[in-house]
Amino acid sequence: METAVPFIAMVVQQLAQIGSMVAAKVAMSSGMTPFTFTFYSSAFSTLILIPLSFLLHRSALPPLWPTFLNGFFLLGLTGFLMQVLGILGLQYSSPLLSTAILQLIPGFTFILAVILRMENFDYKSLNTMAKSVGTLVSIIGALVATLYKGPQVFGSPLNSILTAPSHFLLNQSSAWVIGGLLMMITSLIASVFTISQAFVLKKYPAELIVMLFYSSCITILCAAFSLITERDLNSWSVSPHSRLKALIYSSFFGNVFQVSICSWCVRKRGPLFVVMFHPIGIVIAMAASIFSGETIHIGR
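Residues numbered from 1 in each chain as written. Predicted model: local features only at pLDDT ≥ 70, side-chain atom pairs only at ≥ 80, totals over all residues. Heavy atoms only, no water.

**Digging into the nonpolar core**
Inference 1: Met10, Phe37, Val210 and Tyr214 are the most contacted members of the largest nonpolar core, which totals 64 residues.
Inference 2: Considering each element in turn, this core owes the most residues, eleven residues, to helix α8 (residues 207–229).
Inference 3: Ignoring anything within four residues of it in the chain, the contact list for Val210 reads Phe72, Leu75, Val200, Leu201 and Tyr204. (Core = buried A, V, L, I, M, F, W, Y, C linked by side-chain atoms within 4.5 Å. Buried < 20%, exposed > 50% of the residue type's maximum accessible area, 1.4 Å probe, protein only. Helix = DSSP H or I, 4+ residues; strand = E, 2+ residues; numbered from the N terminus. Contact = heavy atoms within 4.5 Å.)

**Notes on empty space enclosed by the protein**
Inference 1: According to the stated counting rule, one finds two cavities of 30 Å³ or more in the structure shown.
Inference 2: For the largest cavity, the calculated volume is near 590 Å³.
Inference 3: In terms of lining residues, the largest cavity is bounded by 33 residues, among which Gln17, Met82, Gln83, Gly254 and Gln258 are the most central.
Inference 4: Along the lines of polarity and charge, the residues of the lining of the largest cavity split into 17 nonpolar, 16 polar and no charged.
Inference 5: Roughly 50 Å³ of internal volume is contained in the second largest cavity.
Inference 6: Among the secondary structure elements, those contributing two or more residues to the lining of the second largest cavity are α2 (34–57), α8 and α9 (241–269). (1 Å grid on protein atoms, 1.4 Å probe; cavity = no way out; pocket = protein on both sides within 12 Å on 5 of 7 lines; lining within 4 Å. Points joined across faces, edges and corners; volume = space filled by probe spheres on them. Nonpolar A, V, L, I, M, F, W, Y, C, P; charged D, E, K, R; others polar.)

**Observations regarding the packing of helix α1 (residues 5–29) against helix α3 (residues 68–92)**
Inference 1: Contact geometry of α1 with α3 gives a least axis separation of 10 Å together with a crossing angle of 65 degrees. In terms of orientation, α1 lies roughly perpendicular with respect to α3. Both α1 and α3 take part in a crossing whose hand is right-handed. Each of Met21, Ala24, Lys25 and Met28 in α1 lies in contact with α3, whose residues at this interface are Ile87, Leu90 and Gln91.
Inference 2: Among the residues making up the contact of α1 with α3, the classes are represented as five nonpolar, one polar and one charged. (Axes fitted to C-alpha atoms, helices over the stretch in contact; angles between N-to-C directions. Parallel < 35°, antiparallel > 145°, perpendicular 65-115°, else oblique. Left-handed = near helix turned anticlockwise from the far one by under 90°.)

**Let's talk about a nonpolar patch on the surface**
Inference 1: A contiguous nonpolar surface patch, about 450 Å² in accessible area, is contributed by Ile111, Ile115, Leu116, Met118 and Phe199.
Inference 2: Among the structural elements, Ile115 can be located in helix α5 (residues 104–115). (Patch = residues over 30% accessible without salt bridge, like charges linked within 9 Å, V, L, I, M, F, W, Y side chains within 5 Å. Areas by Shrake-Rupley, 256 points an atom, 1.4 Å probe, with all protein chains shown as cover. Salt bridge = Lys/Arg side-chain N within 4 Å of Asp/Glu carboxyl O.)

**Regarding α2**
Inference 1: Its 24 residues give α2 an end-to-end C-alpha distance of 32 Å, which sits within 8% of 34 Å, the value for a rise of 1.5 Å per residue.
Inference 2: Its axis deflected by about 35 degrees at Leu49, α2 carries its strongest bend there, up to four residues before the proline Pro51. (Expected span 1.5 Å × (residues − 1). Bend = angle between axes of the 7 residues up to and from the residue.)

**What about the side chain of Gln14?**
Inference 1: Within the secondary structure, Gln14 is located in helix α1.
Inference 2: Accessibility expressed as a relative area gives 1% for Gln14, which makes it buried.
Inference 3: Reaching out from Gln14, the side chain makes a polar contact with the side chain of Gln13 at a distance of 3.1 Å.
Inference 4: If we ignore the near neighbours within four places in the chain, the residues touching Gln14 are Phe277, His278, Ile280, Gly281 and Ile284. (Polar contact = N/O pair within 3.5 Å; in protein donor to acceptor, adjacent residues only side chain to side chain.)

**Regarding the UniProt feature "transmembrane region" (unreviewed entry) in the chain**
Inference 1: Those residues carrying the UniProt feature "transmembrane region" (unreviewed entry) are residues 39–56, 68–90, 96–116, 128–148, 175–196, 208–228, 248–266 and 273–291 in this numbering.
Inference 2: Each end of residues 68–90 is marked by a C-alpha atom, and these two atoms are 32 Å apart; helix forms 100% of the span and strand 0%. (UniProt positions renumbered as here; feature names shortened; annotations may be inferred.)

**Observations regarding the environment of Gly79**
Inference 1: Looking at where Gly79 falls in the secondary structure, it is placed in helix α3.
Inference 2: Residue Gly79 is classed as buried on the basis of its relative accessible area of 0%.
Inference 3: Gly79 sits 115 residues away from Thr194 along the chain, and the two C-alpha atoms are 9.8 Å apart.
Inference 4: Once residues within four sequence positions are removed from consideration, Gly79 is found in contact with Phe193, Tyr214 and Ile218.

And the structure:
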């Protein structure tokens, strides 16, 4: 049973990730911006993690050396870029397209792991060949999902709340291409983040403490950028209730739960184990899109 826990945890994590995408899309549709949404969700997450991390790690808290702060800052910076660009890409597209593009993460992570010698590359090995083919297929699939629009498979021609917002409808094709490209960049940053997690957690194996610093760093960065870029007071409001509900969900399930589960699995099983569960997300996202009435095409 103990060996099955990481598998179950990662499946649940994928469910939480899709849910957080939908929550972010709802908040964006009501007028929030990527910076303000990320700021609030990270701030709420930090408030949750402060008591939780010290409560669970109080008996075996590793010494916090100043050198660890560099790793924490790297996680915070990559996490900040990953979340803001990811939400911005989601704003231009939909959870389904975003999830499809995020299938690049396993491939990018494999490439980085090989470069950093975390993974052996033996071209004669079936395992290596399978990973290489999977990487190539994921890249081709991401390009198809972004650039090619094939025949409709499911849904009606009317857009649901999960599709591009109204101010993108005049040029929705361009919006989806931009969204796809942003999600590709997000996938690369997410791969860097996952690899960085492995290095940091190897030296400091206290997931919640690491996530506390990670979340705090994102909150500070988002606050700084939001104060400079966000002049519309409406984007700072947590009303209507749909925004508040989305923020609460994103804070707990999208940040605290999801990222902590990933961190724990990275420490236990390694970064490649974590990223191999991303294909499950596309199945969940497709089911959610069909349920919401989103039009689904082959490609974008």
